[in-house]
Amino acid sequence: MKKLPSTLPNMILSLGIICLIIAGILALVNVATKDTIAQAETKAKVEAIKEIVPAFDNNPYEERDTVTLEGEDPITVYPATQGGQPVGYAIETYTDKGFAGHIDIMVGFDMQSQIVGFKVLKHEETPGLGAKIQEWFTSPAPNADLIRDVRGLDMSQASPLKVSKDGGKVDAITAATISSRAFIDAIERAYRVYQSVIGEGAPTAQPTASNCELPEREVIDSLFNTLLPAYRLVDKAKNGTSEDGSLWLTQSYGTNDMSETTGLLVVTISGDDNEGHCAPMLVCFDNSGTLTAFAVADVEAADQLVSISKEYGGNQDPATVKPSKKSLIGKKVTPSSLKLRKDGGSVDATSGPTASSRAVLQGIARAQRIFVEANANESTK
């Protein structure tokens, strides 16, 4: 067989053929192992159910169902029964607040709201730190004032759980507070599903109050001038509290020459970030309801802006910066449109933890509802 000349086109052709062959092999391996992986995951769940609920004589896996809390992903529930009577539930919960992101956990409850046990199904936490969730939260606490082993914990009395650093009683994993908060988030989510299943309702999680205060007025003025330098605040501010207990402030803004009022500034708070905390936000709408600017205020230094919002078009002059594909600036947003693809929406998450993107969108959604309510109140005067 004649050897092909060593030319650039021939080299590209050869590399292309090699890549196609490798891709084909990988595809075949994926197909060949897909069922095996699925079977292994199913087996792990079945084994976990046996360990974390009271003794049963039914097949919880075959009788599984799903429950969807408002604004969250569907959660699978595995009912355990003995002689036809319910004895507990295994709940396949999750959290996106881990140090490395998503964690899947199976939590078992008896019929008295007590945690029978739990099993970490999947995680990517740091070995030796966040990866110690299973070991840490099944070991004794150093003293009677702290909670570490959650087995036997009556959630009807203990909820909401918080780590001691946040004013609660849960003893966080040493050097892995974020992973510990994530574990608590998953447990609380499972408990809300449990309440829903047994008919007690599923209470809405309240924002963490530790850093959800709004900035001082002088700081708000400074942030607004950074955010929209071509405009100025013109009316007296109005204050209020949302149904979820979060504070808000609104103030009209207009052109620097004061010739007209062009929009409304809404100061509110974001959703919870990857550490379980919220942050102050400034969100601006023009008079028609179009999003014109927004920013997240730094909790540690409230006179500074957090850069994550840049990827959605915030923290930059819309007149001089070309909007990115992710930019929300110039759009008439609604709470239903401000959801990540992972949450059933159409917005791509920014680089970094998904929880941070979700928190920003939740803050903008909260501001949009306040804007609509403020306009409605004005129209009835």
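Only a predicted model underlies this, so the values are computations on that prediction, with no experimental measurement involved. Each chain has its residues counted from 1, running along the sequence as written. Thresholds applied to this predicted model are a pLDDT of at least 70 for local features of residues and 80 or more for the giving and counting of side-chain atom pairs; totals over whole chains, interfaces and linings are not thresholded and use all residues. Values shown for side chains rest on all heavy atoms present in the structure; no hydrogens or waters enter the calculation.

## Some remarks on the overall build of the chain
Then step 1. The secondary structure listing takes helices from DSSP runs of H or I that are at least 4 residues long and strands from runs of E that are at least 2 residues long, numbered from the N terminus. Along the backbone of the chain there are 6 helices and 12 strands.
Then step 2. Pairs at least 24 apart in sequence give 50% of the contacts found in the chain among residues at least 6 apart.
Then step 3. Working note: accessible area of the chain is about 20100 Å², and carbon and sulfur atoms make up 53% of it. Residues count as neighbours in contact if any of their non-hydrogen atoms are within 4.5 Å of one another. All accessible areas in this document rest on Shrake-Rupley with a 1.4 Å probe, and a residue is counted as covered only by the protein chains that are shown.

## Regarding the packing of aromatic side chains
Then step 1. Planes of paired rings set the category: under 30 degrees apart is stacked, over 60 is edge-to-face and the rest tilted, where pairs are Phe, Tyr or Trp rings (Trp by its six-membered ring) whose centres lie within 6.5 Å. In the structure shown here, the tally under the stated rule is 10 aromatic pairs.
Then step 2. Each ring, one from Tyr 61 and one from Tyr 78, has its centre 5.9 Å from the other, and the planes form 15°; the classification is stacked. In this pair, Tyr 61 sits in the loop between helix 1 (8-52) and strand 1 (65-67) while Tyr 78 sits in strand 2 (residues 75-82), placing the two residues 17 residues apart along the sequence. For the pair formed by Tyr 61 and Tyr 78, the shared burial category is buried.
Then step 3. An angle of 50° between the planes, with centres 5.4 Å apart, marks the rings of Phe 224 and Tyr 253 as tilted. With Phe 224 in helix 5 (residues 217-227) and Tyr 253 in strand 8 (residues 247-255), this pair connects stretches of sequence that are 29 residues apart. In this scheme, a residue with accessible area under 20% of its type's maximum is buried, one over 50% is exposed, and one in between is partly exposed, where area comes from a 1.4 Å probe on protein chains only.

## Examining the nonpolar core
Then step 1. The set of buried Ala, Val, Leu, Ile, Met, Phe, Trp, Tyr and Cys residues whose side-chain atoms join them within 4.5 Å is what this entry labels a nonpolar core. By size, the foremost hydrophobic cluster in this structure holds 36 residues, and its most contacted members are Ile 91, Phe 109 and Phe 118.
Then step 2. Where this core is concerned, the elements lending two or more residues are strand 2, strand 3 (85-98), strand 4 (101-110), strand 5 (115-122), helix 2 (133-136) and helix 4 (177-198).
Then step 3. Here the element with the most residues in this core is helix 4; it accounts for 9 residues.
Then step 4. Phe 118 has contacts with Ile 52, Ile 105, Met 106, Val 107, Ile 133, Gln 134, Phe 137, Thr 138, Val 150 and Phe 183, leaving out every residue within four places of it along the chain.

## A short note on the side chain of Thr 93
Then step 1. Along the chain, Thr 93 turns up in strand 3.
Then step 2. Beyond its immediate chain neighbours, meaning those up to four positions away, Thr 93 contacts Ile 75, Ile 103, Asp 104, Ile 105, Val 107, Ala 186, Arg 189 and Ala 190.

## A few points about the pattern of salt bridges
Then step 1. For this document, the term salt bridge refers to a Lys or Arg side-chain nitrogen within 4 Å of an Asp or Glu carboxyl oxygen. For the structure on display, the rule yields 12 salt bridges.
Then step 2. In this structure, the salt-bridge partner of Arg 217 is Asp 221, at a minimum N-O distance of 4.0 Å. Taken together, the residues Arg 217 and Asp 221, both in helix 5 and 4 residues apart, mark about one turn of the helix.
Then step 3. Judged by relative accessible area, which is 32%, Arg 217 ranks as partly exposed.
Then step 4. If you follow the salt bridges from partner to partner, you end up with Glu 72, Lys 97, Asp 185, Arg 189 and Arg 192 in one network.

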